[in-house]
Amino acid sequence: MPELPEVETIVRQLVKVLPGRRVERAKILRKNIVHGSPARLVKAIEGTAIRSVTRRAKFIVVELESDRVWVTHLRMSGSYRVVPSGENGDALPVYTRATFDLEDGTQLLYVDPRTLGRLEIMPTVDWEARAAELGPEPLSPAFTTVVLERCLGASRQPLKTFLLDQKRIAGLGNIYAAEALWRARVSPRRQAKNVGPVRASRLHRAIVDVLSEAVGGSGTSLGSTYLNFADADGDPGEFYEALNVYDRENEPCPRCGEAIMRIVQAHRSTYYCPSCQR
Ligand SMILES: [Zn+2]
């Protein structure tokens, strides 16, 4: 569920805490959250200083001084929590799957109720090769209307499926793809190569706007249960109220009043207005 805005929210919080600090102790409490050997991940992280924390697509990328990167994909319900020094004597939050003790007493927790998220360690060069296969970052200058138009023209996929493909555009998921299409007044069922320059231009604007606004609102939490997104302070996102179609089946379209429809595309729910999205 966490998409670009939610991952970006967490990364911005981690940037304030991690770079320049050394991880003294790493503990994996649930082995299946590690891709590869948990012991190898612990060994790579312990005693190593953190150089930087960035986001690429929906990945959290922690660069270590050892020229290795610690990459996390949160998948459905993963999150990092920062526990400031002095507060870490308390019991761990339920669903804590890994703990990382920093040299200054700060504790970083990986929390994941469904344990579908993945932590992985790899040489920086390997990560760079993988990152190069991902599409452009939609909030970077590299993502232009022309780039989007060219990419759309080369695809026969339905537009919604196209937008979820991380090799086309990085970081979009089910929520923001639906919202961008609604804003652009384009049907999720339209074939990507038939979008055309006018719709492509509207879609480009809509993708940039919806993601920027959601980052500003610290992401979307769909409810208040433990399965929903929380940031590194444990707080929910504030963007849910701003959603126009996602999770709003049968509610009136805020633009034309027609009932919002839910269809299934590539095994995922798509919400859209059949009347004003063409
Ligand atoms: Zn409508």
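Residues numbered from 1 in each chain as written. Predicted model: local features only at pLDDT ≥ 70, side-chain atom pairs only at ≥ 80, totals over all residues. Heavy atoms only, no water.

> Please explain the packing of helix H1 (residues 4-15) against helix H7 (residues 196-216) as it appears in this structure.
Each pair of packed helices can be summarised by the angle the axes make with each other and by the distance between the axes. Where H1 contacts H7, the axes come no closer than 9 Å and their chain directions differ by 40°. When the interaxial angle is binned, H1 and H7 end up oblique. Where H1 crosses over H7, the two elements pack in a sense that is right-handed. Every residue of H7 that contacts H1 at Leu-4, Pro-5, Glu-8, Thr-9 and Arg-12 is listed here: Leu-211, Ala-214 and Val-215. Split by residue class, the contact of H1 with H7 holds five nonpolar, one polar and two charged. (Axes fitted to C-alpha atoms, helices over the stretch in contact; angles between N-to-C directions. Helix = DSSP H or I, 4+ residues; strand = E, 2+ residues; numbered from the N terminus. Parallel < 35°, antiparallel > 145°, perpendicular 65-115°, else oblique. Left-handed = near helix turned anticlockwise from the far one by under 90°. Contact = heavy atoms within 4.5 Å. Nonpolar A, V, L, I, M, F, W, Y, C, P; charged D, E, K, R; others polar.)

> Is there a simple way to think about the pairing of strand E2 (residues 50-56) in this case?
Residues in a regular strand point their side chains to alternate faces of the sheet. For E2 and strand E3 (residues 59-64), the ladder comprises six bridges, and the chain directions are antiparallel. The partner of Thr-54 across the bridge, within E3, is Val-61. The loop that links E2 with its antiparallel partner E3 comprises two residues; one of these, Ala-57, has a positive phi angle of about 55°. (Pairing = 2+ DSSP bridges.)

> Can you walk me through the nonpolar core in this structure?
Soluble, globular proteins show a tendency: their nonpolar side chains are buried together. Among the nonpolar cores identified, the biggest contains 39 residues, and Leu-159, Phe-162, Leu-163, Leu-203 and Ile-207 are the most heavily contacted of them. Residue contacts for Leu-159: discarding those within four places in its chain leaves Leu-152, Leu-181, Val-186, Ser-187, Pro-188, Arg-190, Ala-192, Val-195 and Leu-203. Membership of the second largest hydrophobic core comes to 33 residues, among which are Val-17, Leu-18, Val-42 and Leu-64. (Core = buried A, V, L, I, M, F, W, Y, C linked by side-chain atoms within 4.5 Å. Buried < 20%, exposed > 50% of the residue type's maximum accessible area, 1.4 Å probe, protein only.)

> Hey, could you run me through the sheet that holds strand E8 (residues 118-123) in this one?
One key point about sheets: their strands pair by backbone hydrogen bonds, in either a parallel or an antiparallel sense. As summarised here, the arrangement of the four strands in space is E2-E3-E4-E8, forming an open sheet in which the pairing is antiparallel. Whereas interior strands pair on both sides, the edge strands pair on one side only; in this sheet they are E2 and E8. Across this sheet, the average inter-strand angle for adjacent strands is 20°, counted without regard to direction. The strands touched by helix H3 (residues 124-132) within the sheet are E2, E3, strand E4 (68-73) and E8, with E8 carrying the most contacts at an inclination of about 115°.

> Mind showing me how you'd approach the coordination of the zinc ion here?
Protein coordination at the zinc ion comes from Cys-253 (SG), Cys-256 (SG), Cys-273 (SG) and Cys-276 (SG), with a distance range of 2.2 to 2.3 Å. Considering all four donor atoms around the zinc ion, the spread of angles at the metal, 99 to 120°, places the coordination shape in the tetrahedral class. One chain supplies every donor to the zinc ion, and in sequence these donors are spaced C-x2-C-x16-C-x2-C. (Donors = N, O, S within 2.8 Å, 3.2 Å for Na, K, Ca; no water. Tetrahedral: all angles 85-135°; square planar, octahedral: opposite > 155°, others 65-115°.)

> I keep staring at the sheet that holds strand E5 (residues 79-83) and nothing clicks. Help me out?
Pairing within the open sheet is antiparallel, and its four strands lie in the order E1-E6-E7-E5. Each having just a single partner strand, strand E1 (23-28) and E5 make up the two edges of the open sheet. Between one strand axis and the next, the sheet turns through 15° on average, direction left out of account. Each of E1 and strand E6 (96-102) touches helix H2 (residues 38-45); the most contacted strand, E1, lies at about 165° to it.

> Quick question: what am I supposed to make of the domain arrangement of the chain here?
Often, the extent of an interface is quoted as the loss of accessible area on bringing the components together. As far as domains go, the chain holds domain 1 (4-132) and domain 2 (145-272). Contacts between the two partners involve 21 residues from domain 1, matched on the other side by 20 residues from domain 2. Between domain 1 and domain 2, roughly 1600 Å² of surface is buried when both sides are summed, and carbon and sulfur atoms account for 64% of that area. The interface formed by domain 1 and domain 2 holds zero salt bridges in total. Here domain 1 is connected to domain 2 by ten residue pairs in polar contact (both at pLDDT 80 or more). (Domains from an automatic or database assignment. Buried area = accessible area lost by both parts, 1.4 Å probe. Salt bridge = Lys/Arg side-chain N within 4 Å of Asp/Glu carboxyl O. Polar contact = N/O pair within 3.5 Å; in protein donor to acceptor, adjacent residues only side chain to side chain.)

> Where do I start with unusual backbone geometry in this structure?
It is generally the case that most residues other than glycine have a negative phi and that most peptide bonds are trans. Residue Arg-185 is not a glycine yet carries a positive backbone phi of 60°. Of note, Arg-185 is situated in the loop between helix H6 (174-184) and H7. According to the relative accessible area criterion, Arg-185 is partly exposed, its value standing at 37%. Even without glycine at this site, Asp-247 takes up a positive phi of about 65°. Accessibility expressed as a relative area gives 34% for Asp-247, which makes it partly exposed.

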